[in-house]
2 protein chains.
Amino acid sequence: MSSKAPLYNRLALIGVGLIGSSIARAARAQGAVGSIVATARSEATRKRVAELGLADQVVETAAAAVEGADLVIVCIPVGACGPVAKEIAPHLAPGATVSDVGSVKGSVVRDMAPHLPKTVHFVPAHPVAGTEYSGPDAGFAELFVNRWCILTPPEGQDTAAVEKLAAFWRLIGANVETMAPDHHDLVLAVTSHLPHLIAYTIVGTADELESVTRSEVLKFSAGGFRDFTRIAASDPTMWRDVFLANKDAVLEMLGRFNEDVSALTKAIRKGDGDALFEHFTRTRAIRKGIVQIGQDSPVPDFGRPHPDLPQEPLPKPYAADGD
Amino acid sequence: MSSKAPLYNRLALIGVGLIGSSIARAARAQGAVGSIVATARSEATRKRVAELGLADQVVETAAAAVEGADLVIVCIPVGACGPVAKEIAPHLAPGATVSDVGSVKGSVVRDMAPHLPKTVHFVPAHPVAGTEYSGPDAGFAELFVNRWCILTPPEGQDTAAVEKLAAFWRLIGANVETMAPDHHDLVLAVTSHLPHLIAYTIVGTADELESVTRSEVLKFSAGGFRDFTRIAASDPTMWRDVFLANKDAVLEMLGRFNEDVSALTKAIRKGDGDALFEHFTRTRAIRKGIVQIGQDSPVPDFGRPHPDLPQEPLPKPYAADGD
């Protein structure tokens, strides 16, 4: 616990999956809040949260959780945010900040804002971080370190409340950026929603072939398929809601993607090696940028921990080919 | 060095990139061969191979490399295999085994076999293993451990020669499977070639948007895009050749994939949450299978090494959602 005074006295977490439980662990580790009250819809999750000691108090309803809380973070699939906002509205303390962690922001603002009283500060948020696991056991305090948390406060929202929530996210390790909900949804459609949809698609395609058995698909997955299965193992409820809630932006990105698939398909059909080489060289630069800004590790991924590998010095990335 | 006698007296490596240099390191670590002679087309690579001490001898030409070798492994992009076979043919020792590591087998057999003398054993191979890095610095001895190496010997090939090469791959850590070249190309089209093509496509799509900046794409890549960039950072020459050489199987898999993209797109457009949920649940099972057979680590991936994370016990995979 930090020796500094906590930013908020009482944090209410509604939903304690990968993200909610990581917030609980990180907030406690950094002394960011005085106490934590948590709730979850299912009894099994509430029981597990209590067993793990993730909160000072575990209660049965969202309405009970928000009583007396000065920070409320809704950590549930985006499709459930509207009903929860309606449920908690009469119980919110005046001056409280209400936030969320949803991967879509336009729909969350539309669904939650109408229910919330004018006496609270509504500051939607999206920490762009995660793993392929779900549930309260899957969280860890370091999840948000050097990841970006995007805030999408409605116009005219109290600046001090927004700044305080930004300080909370920074305290638990995140970088903070503010943008309009619609722009957020367009950016995430390409950096997150489209990749997930494509990964879900390709894993399904592989599983339905008659000419290649499932056993073959699994055994020879190290050729690239493996990495898609990781993404396609993400929480189905969360992702169903994302695609329903961000339909327009996802469909637009799908359209662009389909055009590009067609172009590369044509290059393969025509045997146009130059076009393929040019495209494959260009995409390498993007990877380099992501590693340079610390959003991925330069350590080579080969599908298992590398106890025998020196982590430093790293292999010279993008060295000349060995031919 | 093992105390047992080496399987082969002299290994000639033609091409010393990620795969070739990993074979050199592994073969030496396991005492699989008496000595290693290596060559590479570029002078810079030959110089680097000598500096790294990967071979007992580095020579300037493929023809010189194969002199007196009882095992020759060609580790170059598949498009270059035919000309190299032609170059080495007159210099091969009678009784030598000639192999390769190409990701396409039908074309390699067609391109190499006609040049090779009847006095050698031709046993094409494909170790399904790799990282996103290229070049002699990128290899390591453990790359093939618990990965599959697929052998595609022509019908009627000497059984003892095939078994000996299988023993070589097992000695350096791989599991070995034998299949027909065409079936190999179909299996790899789905487990490797299609995933790479899609990853290359989506990274290109993201880079060409006017509405989302490259800086935004990089910053918010932790939402899933990041993993595609890793695959799309693979060696452009190698992948150009793969798509040209395995055109028919790749186009067939692309056709299946496009049908499935259309179906999911329609589900999103119609707001069919049940169809999405059902699909996303099904794909999770495939991931589970891959982790169970040890082809990927169950450790959560969040884009950097996890020094602060307990590696054991692992988070309960696929736990109930936290809502």
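Residues numbered from 1 in each chain as written. Chains lettered and ligands numbered in written order. Predicted model: local features only at pLDDT ≥ 70, side-chain atom pairs only at ≥ 80, totals over all residues.

What follows is about unusual backbone geometry. Positioned with a positive phi, Asn146(A) is a non-glycine residue whose angle comes to about 60°. Tracing the backbone through its elements, the reader meets Asn146(A) in the loop between strand E7 (125-128) and strand E8 (148-151). (Helix = DSSP H or I, 4+ residues; strand = E, 2+ residues; numbered from the N terminus.)

Moving on, we come to the environment of Asp158(A). Residue and element names in this part refer to chain A. When you line up the elements, Asp-158 lands in the loop between E8 and helix H6 (159-171). Overall, the presence of 15 C-beta atoms within 10 Å leaves Asp-158 in the partly exposed class. The sequence separation of Asp-158 and Thr-39 amounts to 119 residues, and the corresponding C-alpha distance is 27 Å. (Buried ≥ 20, exposed ≤ 12 C-beta atoms within 10 Å, placed from the backbone.)

Each side of the interface is counted separately: chain B has 124 residues, and chain A has 124 residues. Sorting the residues of the side of chain B that touches chain A by element identifies helix H1 (18-29), helix H2 (43-52), helix H7 (181-207), helix H8 (214-219), helix H9 (225-231), helix H10 (236-245), helix H11 (247-270) and helix H12 (273-292) of chain B as the ones contributing at least two each. With 19 residues, H7(B) is the single largest residue contributor to the side of chain B that touches chain A. When grouped by side-chain class, the residues that make up the side of chain B that touches chain A number 64 nonpolar, 33 polar and 27 charged. (Contact = placed C-beta atoms within 7 Å. Nonpolar A, V, L, I, M, F, W, Y, C, P; charged D, E, K, R; others polar.)

With 20 residues, H12(B) should reach 28 Å at 1.5 Å per residue; the first-to-last C-alpha distance of 29 Å fits that figure. Within H12(B), burial applies to Leu276(B), His279(B), Phe280(B), Thr283(B), Arg284(B), Ile286(B), Arg287(B), Ile290(B) and Val291(B). For H12(B), the arc enclosing every buried residue in end-on projection is 165°, short of the 170-degree limit, so these residues lie on one face. Every exposed residue of H12(B) that faces more than 90 degrees away from the buried side is listed here: Asp274(B) and Gln292(B). Where H12(B) is buried, its residues touch helix H7 (181-207), helix H8 (214-219), helix H9 (225-231) and helix H10 (236-245) of chain A together with H11 of chain B. In the segment just after H12(B), Gly294(B) is the residue with positive phi, at about 75°. (Expected span 1.5 Å × (residues − 1). Arc of directions from axis to C-beta.)

If you rotate chain B by 180° and push it 0.0 Å along the axis, it lands on chain A with an RMSD of 0.0 Å. Put plainly, the chains are arranged around a two-fold axis. Looking at the rotation axis and the C-alpha trace of chain B, the residue lying nearest is Asp227(B), at 3.5 Å. Mapped onto chain A, 100% of the interface residues of chain B are again interface residues, and the two copies thus contact each other with one and the same surface. (Least-squares fit on C-alpha atoms with pLDDT ≥ 70 in both.)

In this section: the sheet that holds strand E9 (residues 175-178) of chain A. Residue and element names in this part refer to chain A. Taken in spatial order, the three strands of this open sheet run E7-E8-E9, and their pairing is mixed. Strands at the two margins of the open sheet, each flanked by one partner only, are E7 and E9. Adjacent strand axes in the sheet meet at a mean angle of 20°, parallel and antiparallel pairs treated alike. In the sheet, E7 pairs with E8 via four bridges, with the strands oriented antiparallel. The residue bridging Pro-127 from the neighbouring strand is Cys-149, located in E8. Against the sheet, H6 contacts E7, E8 and E9, and its axis sits at roughly 165° relative to E8. (Pairing = 2+ DSSP bridges. Axes fitted to C-alpha atoms, helices over the stretch in contact; angles between N-to-C directions.)

Right, let's talk about the pairing of strand E1 (residues 8-14) of chain B for a bit. Residues and elements named next belong to chain B. With six of its seven residues buried, E1 lies for the most part within the structure. By the bridge criterion, six bridges tie E1 to strand E2 (residues 33-39) in an arrangement that is parallel. In the strand pairing of E2, Leu-13 is matched with Ala-38.

A few words on the domain arrangement of chain A. Residue and element names in this part refer to chain A. Assigned domains within chain A: domain 1 (8-179) and domain 2 (183-292). Put simply, the middle of domain 1 and the middle of domain 2, counted by C-alpha atoms, are 30 Å apart. Taken together, the 14 residues of domain 1 in the interface contact 17 residues of domain 2. Residues that form the side of domain 1 that touches domain 2 fall into these classes: five nonpolar, seven polar and two charged. (Domains from an automatic or database assignment.)

This paragraph deals with the nonpolar core. Core analysis: the biggest nonpolar cluster contains 224 residues, and Leu13(A), Ala38(A), Val72(A), Leu13(B), Ala38(B) and Val72(B) have the highest contact counts within it. In contact with Leu13(B), other than residues within four places in its own chain, are Gly20(B), Ile23(B), Ala24(B), Ile36(B), Ala38(B), Ala55(B), Ile73(B) and Cys75(B). (Core = buried A, V, L, I, M, F, W, Y, C linked by C-beta atoms within 7 Å.)

As for its placement among the helices and strands, Lys247(B) is situated in helix H11. The spatial distance from the C-alpha of Lys247(B) to the C-alpha of Asp185(B) is 9.8 Å, given a sequence separation of 62 residues.

Another point: the sheet that holds strand E6 (residues 121-122) of chain A. All names here are of chain A. Spatially, six strands are ordered E3-E2-E1-E4-E5-E6 in an open sheet, and the strand pairing comes out parallel. A strand with exactly one partner marks an edge of an open sheet, and here the two such strands are strand E3 (57-58) and E6. Pairing of strand E4 (residues 71-74) with strand E5 (residues 97-100), which is carried by four bridges, proceeds in the parallel orientation. Among the inter-strand pairings, Leu-71 is bridged to a residue of E5, identified as Thr-97. Strands in contact with helix H1 (residues 18-29) are strand E1 (8-14), strand E2 (33-39) and E4; relative to E2, the strand with the most contacts, it is inclined by about 160°.

This part covers H11(B). All names here are of chain B. Counted at 1.5 Å a residue, the expected span for H11 with its 24 residues is 34 Å, and the 34 Å between its end C-alpha atoms agrees. Along H11, the residues that are buried comprise Ala-249, Val-250, Met-253, Leu-254, Phe-257, Val-261, Leu-264, Ala-267 and Ile-268. Downstream of H11 by one or two residues, Gly-271 has phi in the positive range, about 70°.

Turning next to the packing of H7(A) against H11(B). A pair of packed helices can be characterised by two numbers: the angle between their axes and the separation between those axes. Across the interface, H7(A) lies against H11(B) with an axial gap of 9 Å and an inter-helix angle of 125°. One element, H7(A), and the other, H11(B), form an angle in the oblique class. Where H7(A) crosses over H11(B), the two elements pack in a sense that is right-handed. Along its contact with H7(A), which presents Leu197(A), Thr201(A), Ile202(A), Gly204(A) and Thr205(A), the element H11(B) presents Arg256(B), Phe257(B), Asp260(B), Val261(B) and Leu264(B). Broken down by class, the residue content of the contact of H7(A) with H11(B) amounts to five nonpolar, three polar and two charged. (Parallel < 35°, antiparallel > 145°, perpendicular 65-115°, else oblique. Left-handed = near helix turned anticlockwise from the far one by under 90°.)

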